[in-house]
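# Observations on chain architecture
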Amino acid sequence: MKKEVTINVNGTSYTEEVEPRLLLVHFIRENLELTGTHIGCDTSHCGACTILLNGDSVKSCTIFTVQADGAEIATVEGMMQDGKYHPLQEAFKEYHGLQCGFCTPGMLMRAIDFLKHNPDPTEEEIRWGISSNLCRCTGYNNIVIAIEKAAEKMREVEVETVA
Amino acid sequence: MEFTCKTSKEIGGMGHSLKRREDDRFIQGKGNYVDDVKLPGMLYMDIVRSPYAYAKIKSINTEKALAIDGVITVITGKDLEEHNLHWMPTFLSDTQMVLPTDTVMYQAQEVACVIATSRYIAADAVEAVEVDYEPMKPVMDPHKALDPDAPVLRTDKEGKKDNHIYHWENGDREKTEEVFKNADVVVKEQIYLPRIHVASIETCGCVADYQTATKKMTVYMTTQAPHAVRTVVALVAGHVGLSEERIRIISPDLGGGFGGKVPIYPGYIVAITATFLIGKPVKWIEDRTENLQADSFARDYDMTCELAATKEGKIQAFRIKTLADMGYTDGSANPSKYPAGMFSICTGSYDYSTAFAEVDAVYTNKPPGGIAYRCSFRVTEAAHAIERMVDILAQKIGKDPAELRMENFIKKDQFPYKSALGWEYDSGDYHAGLEKAMNMIGYDELRKEQVEKRAKGEYMGIGICTFTEIVGAGPSKDFDILGLKMFDSAEIRVHPTGKAIARFGTKSQGQGHETTYAQIIAEELGIPAEHITIEEGDTDTAPYGLGTYASRSIATAGAAAAIAARKLRDKARKIAAYLLEVSEEDLEWEPGKFSVKGAPEKSKTIQELVFAAYTNYPPGMEGGFEAVHYYDPPNLTFPSGAYICVVDIDGKTGAIKVRRFVAIDDCGNIINPMIVQGQIHGGLTQGIAPAMYEELIYDDEGNILNGSFMDYLVPTAVESPKWETDHVVTPSPHHPLGAKGVAESPTVGAPPAIVNAIVDALSPLGVTHVEIPVTPYKVWKILKEKGVVD
Ligand code: FES
Ligand code: FES
């Protein structure tokens, strides 16, 4: 028995019939073919699937699609505006905050929400702030630096993003 | 000695921290990982796995599963047997069931595969497959596996009477015995490196696509060694018509590898079989739980280590006896002559001539494996053994561990150095490395602080590790996998307008090859790196090579790129001589152009020369501007490092805080400093992981006790300290670029540094050794035992 949902993703509204058990991450990846949001575990620990749901970062593997009915969602694909990188994207590249890139979309989405609540964080706060997300490649040093640098920039200029 | 760039920033050759080419697609969410591949009509596979570690399969009933709407078929071992596809070789010439016909040998083993029209239906059908098992008592303890009355597990092997796999030894047993007998000081310790799992954040999987019309099999697959996989698939399935030219393996973007994506897992083979039988693409993506429970483990070496020395602390001999638990099959991917990998690097960075090392490997009812966890074939085990023992010796004779190391190091002018177990270390400056690390961390002040802290009853420790790695496998005379020589390759094509594409036999999993390989070619040809596209991982287009693991990419394929580029530079020189009407000897090369000696205004840029190779080349010369090279390294490379770690331990709770960690690495000449530093950071976190957090634990019945990310503890940014890094540089004398390879050094070097620091902190209590992972609970138990807490 399918259920109709209407969900706005990165500024576009989608109406689809879905099984009630369909995980939001599968809806995003398979129904909408937005494959930037990744899956790295089956226990809600890795954060590779992190998106913004009504502005808050959530693990989309832990939510059913039907629970997001009527919601506004942002994924990594929505970060760029007018062909320009979000300061976090720019900083991740500039400070080598990614290697295999698998954790990166989730890290970026988590960092957006974290900086919204704490625009001028200490290193320690950043580390705790992204402890919801695992990275097996970078050793986190450069992710932390990238978030610090992006935060600096974001305090200076207002950033426009769907997020 | 620091490396100075020969090329301008615009060209972007060696030594420039170019931003990575691959990042743009990743930060936009536009990478293409296996699970992102979606083909028309694609079906989904899911796997029924064994709840038992050792059991007879009495029956498999697929009726209920097949009755579910959307289920296409269920494949069992019996089905595969009909096509003689139910067994496959491992990379180390052992054998492994694809799917069992009668017995399961480890928990989470693949028992049957369901193919359905969606992921969800496939998962439902897995639940509906009924398997009737008759459980048997598993063999879980590798020591007991060798008991005369232990059940023989590999009854599939004709005449097999025990669970012993192989005995490997190296060195002079008698001479070592002799030195030990006469030594002033002998220290001995049992050191166990537990089973761990690489747990790359992307799990394994594939999309197998057989086109019945063209008889072509394309497999998108999470593999670090696509070419070797193609050959193995052809060997296993050639008899059903899959000959090698009809198989195309594509390794797309990989979400980390670390050795876990070298082996060929049963899931791949069943998906390939399924698409072959059904004629529709089949996707298989494992869950994290499956990944941790069934895919290759690393380590599981139980080592008895002994070090002999004079009373002043001059090391005289090292002896090590090891029991290796391989699980159900030897799933290592080692070079075939080296079943215990590069374990004989265990004599370390020290100058002595006597050693003996041995390894006995056994089968148990644990999942198979024996792969690296970001290390070159058992180097981590070897380094842990020697670096712990050196500290134990220092503690025993009351000498500072830095001083003891300095006194025993192989000296800079002794390279190339023949080690006690036969390796020829290419280069190094161990004294300079340790000195730099000590200065950077402020060693002397830390020791003073430690004295003060100890007087107050506080537990602070300083740990050193000065390891030597052995990477870049390897010279063809000794190194092969399943007979395939371990060379690697590069093919460069420069287009008429001076822009290039280069392809390689390796495969990046995050190391940044698309950037660094371009830099190597830029260095040699003077074509800007940004104008060079790099491709890997497609066996239909890339030259043959054995892939990326064991820090071999720069050591082999990187060297191949340099040499292929030099072939092209030679061709460019000939064209320049022709165009400028001078002899070749009268020409001078600087990155990007040839000019006439003494008349620098007469010159031709590389772009002009490439264009001429298509439009105006000397009579008799072949047109075009392409080169390929298969590089056979003359020796391995020997990166080294000096790491120092400072820990503070809470005397009440046992909590361990890594206060500082300094890593000085010598990986030879550096191609991209930013990327090298990133590799070291990542490797260090994969070093603290087994040192303090990770271990796969099984009970006596063969049940895994921590088979998911709920309790298999991969460090987050909070557990991972802020790493401090720097370098010394001793170029490899035999590598065309002087490079050595880097990505695994930190994973090798970090654990002993951390454990040495923890033991140092607890040494006032008489502690000489702690097994990894060193958890707060383990430390608290020691504190309790010693009466510090009650
Ligand atoms: S996929 Fe790991 S937390 Fe969602
Ligand atoms: S960059 Fe590979 S998991 Fe983070």
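Residues numbered from 1 in each chain as written. Chains lettered and ligands numbered in written order. Predicted model: local features only at pLDDT ≥ 70, side-chain atom pairs only at ≥ 80, totals over all residues. Heavy atoms only, no water.

This next bit is on the overall build of chain A. Across its full length, chain A carries five helices and five strands. If you list the helices and strands of chain A from N to C, you get β-β-α-β-β-β-α-α-α-α. A globule of 163 residues ought to have a C-alpha radius of gyration of about 15 Å, and chain A, at 15 Å, matches this closely. A principal-axis box enclosing the C-alpha atoms of chain A has dimensions of 50 × 30 × 25 Å. By the burial criterion, 58% of the 163 residues in chain A qualify as buried. Accessible surface, chain A as shown: approximately 6500 Å² in total, 47% of it carbon and sulfur. (Helix = DSSP H or I, 4+ residues; strand = E, 2+ residues; numbered from the N terminus. Rg over C-alpha atoms; globule rule 2.2 N^0.38 Å. Buried < 20%, exposed > 50% of the residue type's maximum accessible area, 1.4 Å probe, protein only. Areas by Shrake-Rupley, 256 points an atom, 1.4 Å probe, with all protein chains shown as cover.)

Here we take up the sheet that holds strand E26 (residues 532-536) of chain B. Residues and elements named next belong to chain B. If you trace the four strands from one edge of the open sheet to the other, you get E26-E25-E24-E30, paired in mixed fashion. With one partner strand each, in any of the chains shown, E26 and strand E30 (626-631) form the two edges of the open sheet. Between one strand and the next, the sheet's axes are offset by a mean angle of 15 degrees, whatever the strand orientation. Running at roughly 145 degrees to E30, helix H14 (residues 553-580) makes contact with strand E24 (488-494), strand E25 (500-504) and E30 of the sheet. (Pairing = 2+ DSSP bridges. Axes fitted to C-alpha atoms, helices over the stretch in contact; angles between N-to-C directions. Contact = heavy atoms within 4.5 Å.)

So, on to the interface of chain A and chain B. Taken together, the contacts link 49 residues of chain A with 58 residues of chain B. Interface area, chain A with chain B, both sides summed: about 4500 Å², of which 54% is carbon and sulfur. If you sort the residues of chain A by the area they bury against chain B, Lys93(A), His96(A) and Arg136(A) come out on top, with a joint share of 19%. Across the contact surface, chain A and chain B share nine salt bridges. Among the ionic pairs, Asp24(B) bridges to Lys93(A), the shortest N-O distance being 2.8 Å. Of all the elements in the fold, those that place two or more residues in the side of chain A that touches chain B are helix H1 (24-31), helix H2 (87-94), helix H3 (104-117), helix H4 (123-129) and helix H5 (141-156) of chain A. (Buried area = accessible area lost by both parts, 1.4 Å probe. Salt bridge = Lys/Arg side-chain N within 4 Å of Asp/Glu carboxyl O.)

The next subject is the domain arrangement of chain A. Residue and element names in this part refer to chain A. As far as domains go, chain A holds domain 1 (3-78) and domain 2 (87-157). Averaged C-alpha coordinates put domain 1 and domain 2 at centres separated by 21 Å. Between domain 1 and domain 2, the residue contacts involve 18 residues of the former and 14 residues of the latter. Both faces considered, domain 1 and domain 2 share a buried interface measuring about 1200 Å² in area, 59% of it formed by carbon and sulfur atoms. (Domains from an automatic or database assignment.)

If you look at the biggest cluster of nonpolar residues, it comprises 159 residues, and the most contacted ones within it are Phe318(B), Trp423(B), Phe661(B) and Leu762(B). Not counting the four nearest positions on each side in its chain, Phe661(B) is found in contact with Tyr643(B), Ile644(B), Cys645(B), Leu684(B), Lys722(B), Trp723(B), Glu724(B), Ala750(B), Ala753(B) and Ile754(B). In this structure, Ile143(A), Tyr33(B), Leu292(B) and Tyr698(B) belong to the second largest nonpolar core, which totals 55 residues. (Core = buried A, V, L, I, M, F, W, Y, C linked by side-chain atoms within 4.5 Å.)

With that out of the way, let us pick up the sheet that holds strand E12 (residues 216-221) of chain B. Residues and elements named next belong to chain B. Reading across from one edge, E3-E7-E1-E14-E11-E12-E13 is the order of the seven strands in this open sheet, with mixed pairing throughout. Strands at the two margins of the open sheet, each flanked by one partner only, are strand E3 (71-76) and strand E13 (247-250). The mean inter-strand angle of the sheet, taken between neighbouring strand axes irrespective of direction, is 20 degrees. Bridge count between E12 and E13: four bridges; the pairing is parallel.

Residues and elements named next belong to chain A. The topology assignment puts Gly 47 in the loop between H1 and strand E3 (50-53). The spatial distance from the C-alpha of Gly 47 to the C-alpha of Leu 134 is 6.4 Å, given a sequence separation of 87 residues. With residues near it in sequence (within four places) discarded, Gly 47 still touches Lys 59, Gly 106, Ser 132 and Asn 133.

Pairs of packed helices are described in terms of their axes, by the angle between the two and the distance that separates them. All names here are of chain B. Helix H11 (residues 430-441) packs onto helix H10 (residues 401-408) with a crossing angle of 160 degrees between their chain directions and a minimal axis gap of 10 Å. With respect to H11, the element H10 is oriented roughly antiparallel. Crossing of H10 over H11 shows left-handed handedness. Contacts between H10 and H11 pair Ala 402, Arg 405 and Met 406 from the former with His 431, Leu 434, Glu 435 and Met 438 from the latter. Partitioning the contact of H10 with H11 into residue classes produces four nonpolar, one polar and two charged. (Parallel < 35°, antiparallel > 145°, perpendicular 65-115°, else oblique. Left-handed = near helix turned anticlockwise from the far one by under 90°. Nonpolar A, V, L, I, M, F, W, Y, C, P; charged D, E, K, R; others polar.)

What follows covers the domain arrangement of chain B. Residue and element names in this part refer to chain B. Here the domain parsing of chain B yields domain 1 (23-31 + 488-631), domain 2 (34-136 + 204-285) and domain 3 (297-473 + 635-785). Put simply, the middle of domain 2 and the middle of domain 3, counted by C-alpha atoms, are 37 Å apart. Counting residues at the interface gives 19 residues for domain 2 and 24 residues for domain 3. Contact between domain 2 and domain 3 buries roughly 1700 Å² in total, counting both sides, with carbon and sulfur atoms accounting for 57%. At the boundary of domain 2 and domain 3, one finds zero salt bridges. Linking domain 2 to domain 3 there are 12 residue pairs in polar contact (both at pLDDT 80 or more). Counting residues per element, the side of domain 2 that touches domain 3 draws most heavily on strand E5 (residues 95-97), which supplies three residues. (Polar contact = N/O pair within 3.5 Å; in protein donor to acceptor, adjacent residues only side chain to side chain.)

The subject of this paragraph is the pairing of strand E11 (residues 205-211) of chain B. Residue and element names in this part refer to chain B. Judged by how many residues are buried, E11 sits mostly within the fold: six of seven residues are covered. Of the strand pairs in this sheet, E11 and strand E14 (residues 282-285) are connected by four bridges, and their pairing is antiparallel. Across the sheet, residue Ala 208 finds its bridge partner in E14, namely Val 282. Strand direction decides the pairing type here: E11 and E12, joined by six bridges, are antiparallel. Of the residues in E12, the one forming a bridge with Tyr 210 is Met 217.

Residue and element names in this part refer to chain B. Burial of strand E7 (residues 110-116) is extensive: seven of the seven residues sit out of reach of the surface. Where strand E1 (residues 43-49) meets E7, six bridges bridge the pair, whose relative direction is antiparallel. Within the sheet, the bridge partner assigned to Val 48 lies in E7 and is Ala 112. With five bridges joining them, E3 and E7 adopt antiparallel strand pairing. Bridging across to E7, Val 74 finds its partner in Val 114.

Further remarks concern the pattern of salt bridges. A complete count under the given rule lists 67 salt bridges over all chains for this structure. The partner of Asp300(B) in a salt bridge is Arg195(B), and the shortest N-O contact between them spans 2.6 Å. Linking Asp300(B) in strand E15 (residues 297-309) with Arg195(B) in strand E10 (residues 185-196), this pair joins segments that are 105 residues apart in sequence. Classification of Asp300(B) by relative accessible area gives buried; the value is 3%. Three or more residues are tied together by salt bridges with common partners; here these are Arg29(A), Glu30(A), Asp35(B), Asp36(B), Arg119(B) and Lys283(B).

Of the residues in chain B, 100% have a pLDDT of 70 or more, and the chain-wide mean is 97. Reported confidences for the modelled complex are a pTM of 0.97 and an ipTM of 0.98. (pLDDT = per-residue confidence, 0-100.)

Further remarks concern the packing of aromatic side chains. Residues and elements named next belong to chain B. Under the definition given, this model contains 24 aromatic pairs over all chains. When the ring of Tyr 52 is compared with that of Tyr 133, the centres are 5.3 Å apart and the planes differ by 70 degrees; the resulting orientation is edge-to-face. With Tyr 52 in the loop between E1 and strand E2 (55-61) and Tyr 133 in strand E8 (residues 130-135), the pair connects residues that are 81 residues apart, well separated along the chain. A relative accessible area of 35% places Tyr 52 in the partly exposed class. An aromatic cluster is built from Tyr 350, Phe 409, Phe 415 and Tyr 430, whose rings are joined through pairwise contacts. The lysine or arginine in question, Arg 195, covers the ring of Phe 297, its NZ or CZ lying 3.4 Å from the ring centre. A cation sits over an aromatic face here: Arg 319 above Phe 180, 4.3 Å from the ring centre. (Phe/Tyr/Trp six-rings, centres within 6.5 Å; stacked < 30°, edge-to-face > 60°. Lys NZ or Arg CZ within 6 Å of the ring centre and 35° of its normal.)

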